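Fold and geometry: a report
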Amino acid sequence: CFFFANDSNIYVTHNGAQSWESVTPNIPFGGNSKRDVVRMDFVDASHGWLVISDNNEFHPGLDFILYRTADGGKSWVELPVRIAR
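Numbering of residues starts from 1 in each chain and follows the order in which that chain's sequence is written. Reporting of local features is limited, given that this is a predicted model, to residues whose pLDDT is at least 70; pairs of side-chain atoms are given and counted only at 80 or more, and all residues count toward the totals for whole chains, interfaces and linings. Water and hydrogen atoms play no part in the side-chain values, which are based on all heavy atoms of the structure.

Across its full length, the chain carries 0 helices and 7 strands. Note on exposure labels: buried denotes an accessible area under 20% of the residue type's maximum, exposed denotes more than 50%, and partly exposed covers the range between, all computed with a 1.4 Å probe on protein chains only. Split into buried and exposed, the 85 residues of the chain put 35% on the buried side. When contacts within the chain are restricted to residue pairs at least 6 apart in sequence, long-range pairs at least 24 apart make up 26% of them. Carbon and sulfur atoms provide 51% of the accessible area of the chain, an area that totals close to 5,100 Å². Each helix is a run of DSSP H or I of at least 4 residues and each strand a run of E of at least 2, with the numbering of both proceeding from the N terminus. Any two residues having at least one pair of non-hydrogen atoms within 4.5 Å are treated as being in contact. We get accessible surface area from the Shrake-Rupley algorithm with a probe of 1.4 Å; when it comes to residues, only the shown protein chains can shield them.

Put into structure tokens, the structure is as follows:
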């Protein structure tokens, strides 16, 4: 599997990039949001982590927020970890 984020969606391929599936996550990023994906990593087709730079809009004073998913990027849970610059 390979995942990437573009605009406000996540895209995944399970067949070596012959076809792509669009996944709409439950959290805003990209597009018109002031939140940007800094890093996204998946250990398998279901489980992954996402670091978002929120540009101080949702969590004033914090630079980065860590999330995890267990369903291939459809739903993300914010972890109680704060990453400052």
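That shown, we press on.
Only buried Ala, Val, Leu, Ile, Met, Phe, Trp, Tyr and Cys residues count toward a nonpolar core, and they belong to the same one when joined by side-chain atoms within 4.5 Å. Within the largest apolar cluster, 13 residues are counted, with the highest numbers of intra-cluster contacts made by I10, I27, L50, Y67 and W76. At the level of elements, β2 (9-13), β4 (36-42), β5 (48-53) and β6 (64-69) are the ones that each hand at least two residues to this core.

All right, on to the side chain of N9 then. Locating N9 in the fold gives a position in strand β2. N9 has contacts with F4, S22, V23, T24, P25 and F29, leaving out every residue within four places of it along the chain.

Criterion for a salt bridge: a side-chain nitrogen of Lys or Arg within 4 Å of a carboxyl oxygen of Asp or Glu. In the structure shown here, the tally under the stated rule is 1 salt bridge. A salt bridge links D41 to R39; the shortest N-O distance between them is 2.9 Å. Judged by its relative accessible area of 52%, R39 is exposed.

On to the packing of aromatic side chains, then. Two aromatic rings from Phe, Tyr or Trp, using only the six-membered ring of Trp, form a pair when their centres are within 6.5 Å; if the ring planes differ by under 30 degrees the pair is stacked, by over 60 it is edge-to-face, and anything between is tilted. Inspection of every chain in the model, using the stated rule, returns 5 aromatic pairs. Ring centres of F2 and W20 lie 6.1 Å apart, and the angle between their planes is 80°; on these two criteria the pair is classed as edge-to-face. A residue pair is termed long-range when its members are at least 10 positions apart, and F2 in strand β1 (residues 2-6) and W20 in the loop between β2 and β3 (21-23) qualify at 18 residues. Among the residues examined, W20 registers a relative accessible area of 39% and is labelled partly exposed. An angle of 75° between the planes, with centres 5.2 Å apart, marks the rings of F4 and W20 as edge-to-face. Placement of the pair is F4 in strand β1 and W20 in the loop between β2 and β3, with a sequence separation of 16 residues. Here a set of aromatic residues connected by ring pairs shows up, and it is made of F2, F4, Y11 and W20.

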